[in-house]
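Below, each chain spelled out in residue letters.
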Amino acid sequence: MKETRLEQLYFSQYGLQLFQGCPLRFKKRYLEGLTWKLNRLANSDVFHGQEQGRLFHILAERYFLGIPTGIEKIHQEKTLHQWMEALKLFLPVLPENQYFPEFELRLHKGEVKLQGKYDLIRVDREGKVTIFDWKTEEKILSLPKVQRSFQTILYRFLMVEAGAAILRETVKPENIHMIYWQPNHPGKAIKLAYTTELYEQDKKFLESMIKEIKAFDFDAYHKEQTDVKICRYCEYHSICHKQPGNYDRILTEDEDNGE
Ligand code: SF4
């Protein structure tokens, strides 16, 4: 049964991140299907922050689709209005470009199954691709952290491998950039270029990680092998440690996909 689930699984950045942090957490989420929404458990500030982020992604999607955003009906959320103004200044919609907001790409090649949901893919008239990711948290992003994050690795690699779904031809790594943008810090976007060398490196990394996960003996792994600092912010804390963890800072899959 577990083998079947693993074979069927398309790995997301969230899944890879979970496995790296704690294989037991990965097992509970993906092999045992144990999930629940955490939002209701978080304190009201955290819940409000998550809601703002979710709404911003919806408004940005409508903006790039060229349909009315409906923001004028949101009266209470001054921040959302500021964020949308900042987005329009940062990224005006130009007629010569193509925009694909909230676009999902999937890859199934041999043993490798991957998926990623992109906040925005922009293709310019030369066929150059820019991947945008919105991060609505207050904390400013760190360049070294995003440079080698699972999201950066997966999203750029997947664009080379599966981007033909948009462009009808394979995209060369050199024609791909990824930009992380925070509406709270609109002037501090992080732009990352891609190269064939990095693509080869990412390919090896992802293939070997998937191989490792598929060969991993989940039944032989015990909670004591995981750093307690990771456990503290895990949704399964109450199962493993018989008392609730800190649910305010737990990253949910929705949050991970949406942001
Ligand atoms: S509580 Fe700790 S050991 Fe248990 S699944 Fe979460 S991270 Fe892993």
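Values in this document were obtained by computation on a predicted structure and should not be read as measured data.

Chemist: Would you explain the overall build of the protein in this entry?
Modeler: Each helix and strand counted, the protein has twelve helices and five strands in total. Counting only C-alpha atoms and orienting by the principal axes, one finds that the protein spans roughly 55 × 45 × 30 Å. A buried classification covers 27% of the 259 residues belonging to the protein. Restricting to contacts in the protein with at least 6 residues of sequence separation, those with at least 24 account for 62%.

Chemist: I'm lost on the environment of Glu169 in this one. Help?
Modeler: For Glu169, the position within the fold is in the loop between α8 (164-167) and β4 (176-181). Classification of Glu169 by C-beta neighbours within 10 Å gives exposed; the count is 9. With 52 residues separating them along the chain, Glu169 and Lys117 place their C-alpha atoms 20 Å apart.

Chemist: When you look at the sheet that holds strand β3 (residues 129-134) in this model, what are you seeing that I'm missing?
Modeler: Adjacent strands of a sheet form backbone hydrogen bonds with each other and so pair up, either parallel or antiparallel. Strand order in the open sheet formed by five strands is β1-β2-β3-β4-β5, with mixed pairing between adjacent strands. Of all strands in the sheet, those bounded by a partner on one side alone are β1 (98-109) and β5 (190-193). Put simply, the sheet's adjacent strands are angled 35 degrees from each other on average, direction ignored. Bridge count between β4 and β5: four bridges; the pairing is antiparallel. Its bridge partner lying in β5, Ile179 is registered against Lys191.

Chemist: How do you make sense of the site of the ligand when you look at a structure like this?
Modeler: What surrounds the ligand is the set Cys22, Leu24, Arg25, Lys28, Lys223, Thr226, Ile230, Cys231, Cys234, Tyr236, His237 and Cys240. The element best represented in the shell around the ligand is helix α3 (residues 23-31), accounting for three residues. A per-class count over the shell around the ligand returns seven nonpolar, two polar and three charged.

Chemist: So what exactly am I meant to see when it comes to the nonpolar core here?
Modeler: The tendency in soluble globular proteins is for nonpolar side chains to be buried side by side. By size, the foremost hydrophobic cluster in this structure holds 45 residues, and its most contacted members are Ile131, Leu154, Leu158, Met159 and Ile176. No other element matches the nine residues that helix α7 (residues 150-162) contributes to this core. When residues no more than four places from it in sequence are discounted, the contact partners of Leu158 are Leu105, Leu107, Leu114 and Gly116.

Chemist: Any chance you could explain the packing of helix α2 (residues 13-21) against α3 here in plain terms?
Modeler: Helix-helix packing: each pair is described by the crossing angle between the helix axes and the interaxial distance. It is the contact of α2 with α3, at a shortest axis distance of 5 Å, that shows an interaxial angle of 140 degrees. On the basis of the axis angle, α2 is oblique to α3. Only Pro23, Arg25, Phe26, Arg29 and Tyr30 of α3 make contact with α2, whose side of the interface consists of Gly15, Leu18, Phe19 and Gly21.

Chemist: Whenever I open this one, helix α4 (residues 44-65) confuses me. Can you help?
Modeler: Three or four residues apart is the spacing at which side chains of an α-helix point the same way, because the helix has 3.6 residues per turn. With 22 residues, α4 should cover 32 Å at 1.5 Å per step; its first-to-last C-alpha distance of 31 Å lies within 8% of that length. Listed in full, the buried residues belonging to α4 are Gln50, Gly53, Phe56, Ala60, Tyr63 and Phe64. Down the axis of α4, the buried set is contained in an arc of 150 degrees. They therefore lie on one face. Gly66 occupies a position one or two residues after α4 and carries a positive phi of about 80 degrees.

Chemist: Mind showing me how you'd approach the pairing of β1 here?
Modeler: Every other side chain in a regular strand lies on the same face of the sheet, so the side chains alternate between the two faces. Strand direction decides the pairing type here: β1 and strand β2 (residues 112-123), joined by eleven bridges, are antiparallel. Considered in β2, the bridge of Leu105 is made with Gly116. What sits between the antiparallel neighbours β1 and β2 is a turn of two residues, in which Gly110 has the positive phi angle 60 degrees.

Definitions and limits used
- Residues numbered from 1 in each chain as written.
- Predicted model: local features only at pLDDT ≥ 70, side-chain atom pairs only at ≥ 80, totals over all residues.
- Helix = DSSP H or I, 4+ residues; strand = E, 2+ residues; numbered from the N terminus.
- Buried ≥ 20, exposed ≤ 12 C-beta atoms within 10 Å, placed from the backbone.
- Contact = placed C-beta atoms within 7 Å.
- Pairing = 2+ DSSP bridges.
- Axes fitted to C-alpha atoms, helices over the stretch in contact; angles between N-to-C directions.
- Near = placed C-beta within 6 Å.
- Nonpolar A, V, L, I, M, F, W, Y, C, P; charged D, E, K, R; others polar.
- Core = buried A, V, L, I, M, F, W, Y, C linked by C-beta atoms within 7 Å.
- Parallel < 35°, antiparallel > 145°, perpendicular 65-115°, else oblique.
- Expected span 1.5 Å × (residues − 1).
- Arc of directions from axis to C-beta.

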